[in-house]
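# Architecture at a glance
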Amino acid sequence: MIITSLHGSPAGLNLFLMAFNWQTFKTRTLTAAVFVVVMLAGLLINRWTFFILFLVIHFGCWWEFVNVLKKINGKKYVLYSLIGIVYITLPVLLLIAMRNLYGIIPGDEHYDLGKIIPLALIFSLWINDTMAYIVGSLIGKTQMTIISPKKTWEGTIGGIILCIVVMIFIGDVMGLERVDSICISAIAAIAGTFGDLLESKLKRMAGIKDSGHIMPGHGGFLDRFDSLLVATPFVGLYVYLVM
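Small disclaimer: the values here were computed from a predicted structure and weren't measured.

Cut-offs applied
- Residues numbered from 1 in each chain as written.
- Predicted model: local features only at pLDDT ≥ 70, side-chain atom pairs only at ≥ 80, totals over all residues.
- Heavy atoms only, no water.
- Salt bridge = Lys/Arg side-chain N within 4 Å of Asp/Glu carboxyl O.
- Helix = DSSP H or I, 4+ residues; strand = E, 2+ residues; numbered from the N terminus.
- Buried < 20%, exposed > 50% of the residue type's maximum accessible area, 1.4 Å probe, protein only.
- Phe/Tyr/Trp six-rings, centres within 6.5 Å; stacked < 30°, edge-to-face > 60°.

## Considering the pattern of salt bridges
Scanning the entire structure with this criterion turns up seven salt bridges. With its nearest N and O atoms 2.8 Å apart, the salt bridge here joins D223 to K203. Within this pair, whereas D223 is found in helix α9 (residues 221–241), its partner K203 is found in helix α8 (residues 178–206), the two being separated by 20 residues in sequence. Among the residues examined, D223 registers a relative accessible area of 11% and is labelled buried. Note that K209 is salt-bridged to D210, the shortest N-O span being 3.9 Å. For D210, a relative accessible area of 23% puts it in the partly exposed group. Linked through salt bridges whose partners overlap, the residues forming this network are E199, K203 and D223.

## What to know about the packing of aromatic side chains
The way to describe two aromatic rings as a pair is by their centre distance and the angle between their planes. Within this structure, the stated rule accounts for five aromatic pairs. On the basis of an interplanar angle of 85° and a centroid distance of 6.1 Å, the ring pair of W48 and F51 is categorised as edge-to-face. Of the two residues, W48 and F51 are both situated in helix α3 (residues 47–72); the distance of three residues between them amounts to about one turn of the helix. Overall, W48 belongs to the exposed group, its relative accessible area being 65%. Take F51: its relative accessible area is 35%, and that puts it in the partly exposed class. For the pair F65 and Y87, a centre-to-centre distance of 5.5 Å together with 55° between the ring planes defines the contact as tilted. Of this pair, F65 sits in helix α3 while Y87 sits in helix α5 (residues 83–99); the two residues are 22 residues apart in sequence, bridging distant segments of the chain. With relative accessibility at 3%, the residue F65 sits in the buried group. An aromatic cluster of at least three residues, connected via ring pairs, comprises W62, F65 and Y87.

Purely spatial values, then, with no claim about function.
Listed below in structure tokens is the structure:
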């Protein structure tokens, strides 16, 4: 027998509506739509637009990273900022290097490995982030870590699984072997989660909620690309050592 509320709607649906923050979801969705258009333009047009896009992202992340370090330790932030070479610069350089990979199937001019690999990586992170947010909002109960109080094990695991499933189909469309789609999406989702936690730790140390305010509902450059910065080296290892 279905338990209903005073208004006659199922209690489970009522709890769902209460747990799911629709205003936040709408804000994030609208911002993400604009963000996706800009990102896809930079990713897909040619290698130069890719380079320009990530040049902007690189310096945006650096600017916010230094500002976060100033809040953590105003006296030693210059020394600590050298960590940004490993945390920000090297991953961006690796991503640009992967964009310049050449691997075209004879007779198929649409298959461009240098375009497909970065797209697979970035799509994986987008899907994982979205699915983890939705699953966590709906059924998340078990807190994953105090570093990020809203992150749950249910949301994290659900996001990773759904990311892999969705990327199998997207990888088929792009021409990736299924094993590569599975591995890239799994590596990106798992490493990206740690990237998110790393940036959350830095923000807690600095006593701030967001690293910046360039994207309503998503924060700044570091908030948006924290997962990519950590996931890129691990996916790069797979690409160069296994594929």
